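The primary structure of each chain is shown beneath.
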Amino acid sequence: MKDNGLQKTGPIGVFDSGYGGLTILDKIRAQMPEYDYLYLGDNARTPYGPRSFEVVYEFTLQAVKKLFELGCPLVILACNTASAKALRTIQQNDLPTIDPTRRVLGVIRPTVECIGNLTTSKHVGILATSGTIKSESYLLEVQKLFPEISVTGEACPMWVPLVENNEYHTEGADYFVQKHVQHLLGKDPDIDTLILGCTHYPLLLDKIKQYTPSRVQIVAQGEYVARSLQDYLHRHPEMDERCTKEGICRFLTTESEEKFKESASIFLRQDNISVERITLE
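Quick summary incoming for the structure in this document.

Here is what the cut-offs are and how they apply
- Residues numbered from 1 in each chain as written.
- Predicted model: local features only at pLDDT ≥ 70, side-chain atom pairs only at ≥ 80, totals over all residues.
- Heavy atoms only, no water.
- Axes fitted to C-alpha atoms, helices over the stretch in contact; angles between N-to-C directions.
- Helix = DSSP H or I, 4+ residues; strand = E, 2+ residues; numbered from the N terminus.
- Parallel < 35°, antiparallel > 145°, perpendicular 65-115°, else oblique.
- Left-handed = near helix turned anticlockwise from the far one by under 90°.
- Contact = heavy atoms within 4.5 Å.
- Nonpolar A, V, L, I, M, F, W, Y, C, P; charged D, E, K, R; others polar.
- Pairing = 2+ DSSP bridges.

### What to know about the packing of helix α2 (residues 53–69) against helix α4 (residues 87–98)
Here's step 1: Viewed as axis vectors pointing N to C, α2 and α4 meet at an angle of 40°, and their least axial separation amounts to 12 Å. Here α4 runs oblique to α2, going by the angle between their axes. Considering only the axes of α2 and α4, their crossing is right-handed. Residue-level contacts link Y57, T60, L61, V64, K65 and F68 of α2 to T89, I90, D94, L95 and I98 of α4.
Here's step 2: Residues belonging to the contact of α2 with α4 are distributed by class as follows: seven nonpolar, two polar and two charged.

Structure representation (structure tokens):
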């Protein structure tokens, strides 16, 4: 971390309650390999989905403060639940007092922004965790940007455990994927665009495609978030200058290092991961 006048420079922080945010990080690194990244997974307290707004906000704020403390000028909440339940409060209430020169961005808005160019029927489906569906964050964001688009959500509570337990390629996964995709399309047969509103779900993409009609486009978040971040830094050169660029990526976890390495290899398809255990408070 270097001192650039009064402003600190350092890696781009990427936070998730668990491992799913690694699918976002993977796409961001592919799009912007020259930047430095610091990934923090609150794996000891995952999942966030079933938790209350208050608790998700409290945990997310702890993580953001930790990443700021470690020099990140910009933090991406690569977690739909944190983006849904904590982002707005942190942006509006906490950043002005913590450090108004730093930024925290989420994954919901970048995902929604692409929808207008994708749907022709103006009927969109959201597959997500119970917490994200209950928050109605996608519905509200779509209504803000595209009021003419109808949104139908489907909570898929078993999908994250299937991925995190490395069961996403089993027949059990087939059952739960088919069940929720068919239930969603049964609620609105006119859906022609399907948002995967959880960062774990890209690992189930092959099965989701198997049970989704070919006329329906499936939107995985990673590429859209990566493009949106690149565009954001292009539009904000003062922030881009504060992001260090040595191509280094480090990992932090609130769980054991070995457990993180084992699970992270599923998401990143690499074994040489340098990870450090930390505590959040």
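Picking up where we left off.
### Details of the sheet that holds strand β8 (residues 150–155)
Here's step 1: Pairing in this open sheet of four strands is parallel, and the strands run β8-β7-β9-β10 from one edge to the other. Of all strands in the sheet, those with a lone pairing partner are β8 and β10 (217–219), marking the two edges. Direction aside, the axes of adjacent strands within the sheet are offset by 20° on average.
Here's step 2: Examined bridge by bridge, strand β7 (residues 123–128) and β8 share six bridges and lie parallel to one another. The residue of β8 that forms the bridge with A128 is A155.
Here's step 3: Across the sheet, helix α9 (residues 171–187) lies against β7, β8 and β9 (193–196), angled at about 150° from β8, the strand it touches most.

The values reported here are purely geometric and, on their own, carry no functional implication.
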